[in-house]
Amino acid sequence: MKHLLTILTLLCASLSVQAAGEQKQVFGRYEVHYMMLNSTTLSAEIARSYQLQRSGKLGFLMVSVLENKEGEDLPHAVPAMVSARIKNLIGQERDIELREIQEQGGIYYVGNFNFDDEDIYRFEIDVKAEPGQDRPFTVRHQQQMYFE
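Criteria and thresholds
Residues numbered from 1 in each chain as written. Predicted model: local features only at pLDDT ≥ 70, side-chain atom pairs only at ≥ 80, totals over all residues. Heavy atoms only, no water. Helix = DSSP H or I, 4+ residues; strand = E, 2+ residues; numbered from the N terminus. Contact = heavy atoms within 4.5 Å. Polar contact = N/O pair within 3.5 Å; in protein donor to acceptor, adjacent residues only side chain to side chain. Pairing = 2+ DSSP bridges. Axes fitted to C-alpha atoms, helices over the stretch in contact; angles between N-to-C directions.

Student: Describe in detail the environment of Y30, supporting the description with residues and values.
Tutor: Tracing the sequence through the fold places Y30 in strand β2 (residues 30-38). A C-alpha to C-alpha distance of 9.1 Å links Y30 and K69, two positions 39 residues apart in sequence. Residues contacting Y30, with those up to four places away along its chain left out, are Q25, V65, L66, E67, V78, A129, E130 and F137. Separated by 3.0 Å, the side chains of Y30 and E130 make a polar contact.

So this is what it looks like as structure tokens:
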């Protein structure tokens, strides 16, 4: 199970030339990292290990939240309340069910979503990283998805 971070890091590096890949937004001391890919990008072994579905018509979303603490060189993963929605250009919206995966040194929120070939989607990811946080940090991202 420790392989998810390594494999996804390699995926991000290999896809950095393409439009799809890891993105991040910073909210004060928190970083919200996210990526949306075709689920066939995941190996069958990784998908099976994390109970994710693979299909050329199915997307994969991964979110992680990191906190930069004063006096520390690197940010570290923190648990958060994370929810996500996907909306097509004609306004049809649905939630993306996310599951938390904890590994040594990492916390990830992952889920699958259906999409139509070559359609453009708007993703909204809400993150509450602190207990009692009134309003979530909201990440908004638009991306075109392709069948494989």
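Student: Explain the pairing of strand β9 (residues 120-128) to me, using residue names and the numbers behind them.
Tutor: For strand β5 (residues 81-88) and β9, the ladder comprises eight bridges, and the chain directions are antiparallel. What sits directly across from S83, in β9, is D126.

Student: With reference to specific residues and values, describe the sheet that holds strand β6 (residues 93-96).
Tutor: In space, the four strands of this open sheet follow the order β6-β5-β9-β10, with antiparallel pairing throughout. This sheet does not close on itself; its edge strands, each paired only once, are β6 and β10 (137-144). Adjacent strand axes in the sheet meet at a mean angle of 20° when their direction is disregarded. In this sheet, β6 lies alongside β5 in antiparallel orientation, the contact comprising four bridges. Looking at the pairing, R85 lines up with D95 of β6.

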